[in-house]
Each structure stands twice: as C-alpha cells, then as structure tokens.
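Here are the chains, one letter per residue:
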Amino acid sequence: MTADLQSPAFTDNNAAREAMEAVLWPNGPECPRCVSTERIGKMAAKSARPGLYYCGQCKRQFSVTVGTIFERSHIKLHKWFQAAHLMASSKKGISAHQLHRTLKVTYKTAWFMEHRLREAMRELHPDTPLGGKGKTIEMDETFVGGLEKNKHRSKRQHQGTGGAGKEAVYSLVERGGNVRSHHVPAVNTDNLRPIIEAQIDGATVVYTDEGGASKKLGRLFEKHDSVNHSLGEYVRGPVHTNTIEGYFSILKRGINGVYHHVSQQHLKRYLAEFDFRYNERAALGVDDKARADRLIRGIVGKRLMYKDSSLAST
Ligand SMILES: [Zn+2]
C-alpha cells in the first residue's frame, strides 16, 4: 500500500483523472448523459480543460467527473483518489485526523471526504435478499460507542436497549457471502422483523444465539437453530454464530479504536464502511486496488441520478 501511494494518480490531478477514466471507462469514454460511446471527441484546443470530451449525440461537453461530488467539491482529484484507496484498504478504517495529516487538507475537509466516501459505500449496498436455499445466515446484535467506563458491561446488561449511551447494531451475515448491518433504536422484534423479512430469503437456514429477539425472529424461517451462549455452548455442529462474532470484532476494533466518537446520527455510514470492506474482502478475491476501484465507481454511480433528471428535463 505504501509503495502504491507513490503512483502519480495520488499526487497529480491529471494522472488521477486518467486513472479514474481507466476505471470507469474500460472501453473508452462514455457520455454520462446519453450513455453513448460513439461520436465522442476529445476537446483538443489549448484553452480546453484537460479531460474534457464532446458528445456528438447530445452535442454537449463532459468529463469523467461531471455531475459527481468529485467535480463539485473543489478538492483535487488525486486527493480523492488517495482517500478512496486509504479507506478501502485500512482494515479498521482511517480517522479523519489521520486523513487530514496524510492528505494535507483541513480536518473539516478530511471529515467531509470520509463521509462522502461512506455514502458511496452505502449506495453500493444491494437490496436483494441475502441467503436462499442451501445458504446459511447468522444474525446477532452488538452495541457500539458509549462512555469508556461503561464499555465493559455485557450486552445482556443492556437488555436490548443499548444502555449507557451505546447504540444497537443488528447484523445479518451470509456464510461465504455478504453482511448487512443496521443501526436500530433497540433490539426487539418490532424493530427487527421488517428488516429481516425484507433482507433474508425465506428458504435460508438461520442460526442465532439464545438472545430473546434473535431466537424469536429465527422462528420466521423454516430452518432455524440456536446456540446457548449463557450456558457456555458456542458450537454444535454447523450451529454457531462465529462468523458474525468475527465481523463484530472487526467492527468494534474500528469504531472503538479508530473512530472513538461515532455519533448516533452518522453511525449508519460507519456501518456501511465496515460492511463494504467485508463484502469486498480479500477472501472473496478482491484486492485493495479492486476494492478502491469499486468505491470510485460507487461515487461516480451517483451521477445516475443526475443523468436521469437531466434526461427528464429535456
Ligand atoms: Zn451524449
């Protein structure tokens, strides 16, 4: 990663733009308005901004960043590029303070960039149900944040409320597949049932621990089983929640160790960040560069909205 940061795309605006073009337009420039790849010309005049193209179809100019946050933010592209690579490759995340020092931008700018990148990660979340026939999902809750002195209380003591200022997170993870995490006001069947019904295919095998809400919700599925952690039972054949516990341990090390203060208002974005890295993990064959490229595509993907509205108005 350190060596990779020597790439011109991390230090030079034009090189970053060209790197983005390579990621977004593997088959050559594409007009973001009419999606045409034909009759596209490069604006060659000396006075033209580098990276500007002309679409002969809709007779307008565009660039790889037109209509995206990259264009609107006034932050140099190579800084965005570096931020996306750092966030995509840091297992526990990267604090806005660290990013501020690394990119030599203000803390406020670093904070803004991180949240925009998290939003892009959120956009990348598919909303089709997880699981299916022959698939296994583990689901469980955890609590994050809160005051340091209360961090060592067990989740059972909070009785599903996330007491002591902690926020409740409920996650579903498909073994060998994706995770989806949700910030919920409290862990109870009323809050969780709509999430679970929308996000887990009914034919899935679901494993939980004996926690009240999880066990009740597990019964919505044809095949459900649970292990009783309070009786010291953690694994019974295939029945365990080790996958989700592993995910929670990364999440908590990041939220507690790197981000320190995660406000209630922004927690959903932090969850999207950890979910994104897990879903694009090395074990599934995704390396640091591929993960960062996907994030860049996610940001530019937001242009779709812009594209649709511009088409509707003409
Ligand atoms: Zn066009």
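The structure reproduced in this document is the subject of the present report. Computed from a prediction, not measured in an experiment: that's the story for all the values here. (Residues numbered from 1 in each chain as written. Predicted model: local features only at pLDDT ≥ 70, side-chain atom pairs only at ≥ 80, totals over all residues. Heavy atoms only, no water.)

**Re the coordination of the zinc ion**
Then, in step 1: Ligation of the zinc ion by protein atoms is provided by C31 (SG), C34 (SG), C55 (SG) and C58 (SG), these donors lying 2.3 Å from the ion.
Then, in step 2: Seen from the zinc ion, its 4 donor atoms lie at angles of 103 to 126°, and the figure they make is tetrahedral.
Then, in step 3: Of note, the donors binding the zinc ion are all from one chain and are spaced C-x2-C-x20-C-x2-C. (Donors = N, O, S within 2.8 Å, 3.2 Å for Na, K, Ca; no water. Tetrahedral: all angles 85-135°; square planar, octahedral: opposite > 155°, others 65-115°.)

**Re the nonpolar core**
Then, in step 1: M20, L24, F70, L117, L251 and I255 are the most contacted members of the largest nonpolar core, which has 57 residues in total.
Then, in step 2: Counting residues per element, this core draws most heavily on helix α9 (residues 242-259), which supplies 8 residues.
Then, in step 3: With 17 residues, the next largest nonpolar core counts I137, L192, I195 and I200 among its residues. (Core = buried A, V, L, I, M, F, W, Y, C linked by side-chain atoms within 4.5 Å. Buried < 20%, exposed > 50% of the residue type's maximum accessible area, 1.4 Å probe, protein only. Helix = DSSP H or I, 4+ residues; strand = E, 2+ residues; numbered from the N terminus.)

**So, the pattern of salt bridges**
Then, in step 1: One pass over the structure, following the stated rule, counts 15 salt bridges.
Then, in step 2: A salt bridge links E18 to R17; the nearest nitrogen and oxygen atoms lie 3.9 Å apart.
Then, in step 3: A salt bridge links E197 to R193; the shortest N-O distance between them is 3.1 Å. Of this pair, E197 and R193 both sit in helix α7 (residues 189-199), 4 residues apart, which is roughly one turn of the helix.
Then, in step 4: The class for E197 is partly exposed, based on a relative accessible area of 47%. (Salt bridge = Lys/Arg side-chain N within 4 Å of Asp/Glu carboxyl O.)

**As for the packing of aromatic side chains**
Then, in step 1: This structure, assessed with the given rule, holds 10 aromatic pairs.
Then, in step 2: When the ring of Y247 is compared with that of F248, the centres are 6.3 Å apart and the planes differ by 50°; the resulting orientation is tilted.
Then, in step 3: Looking at Y247, the relative accessible area reads 2%, which means it is buried.
Then, in step 4: An aromatic cluster of at least three residues, connected via ring pairs, comprises W25, Y53 and F62. (Phe/Tyr/Trp six-rings, centres within 6.5 Å; stacked < 30°, edge-to-face > 60°.)

These figures capture arrangement, not role.
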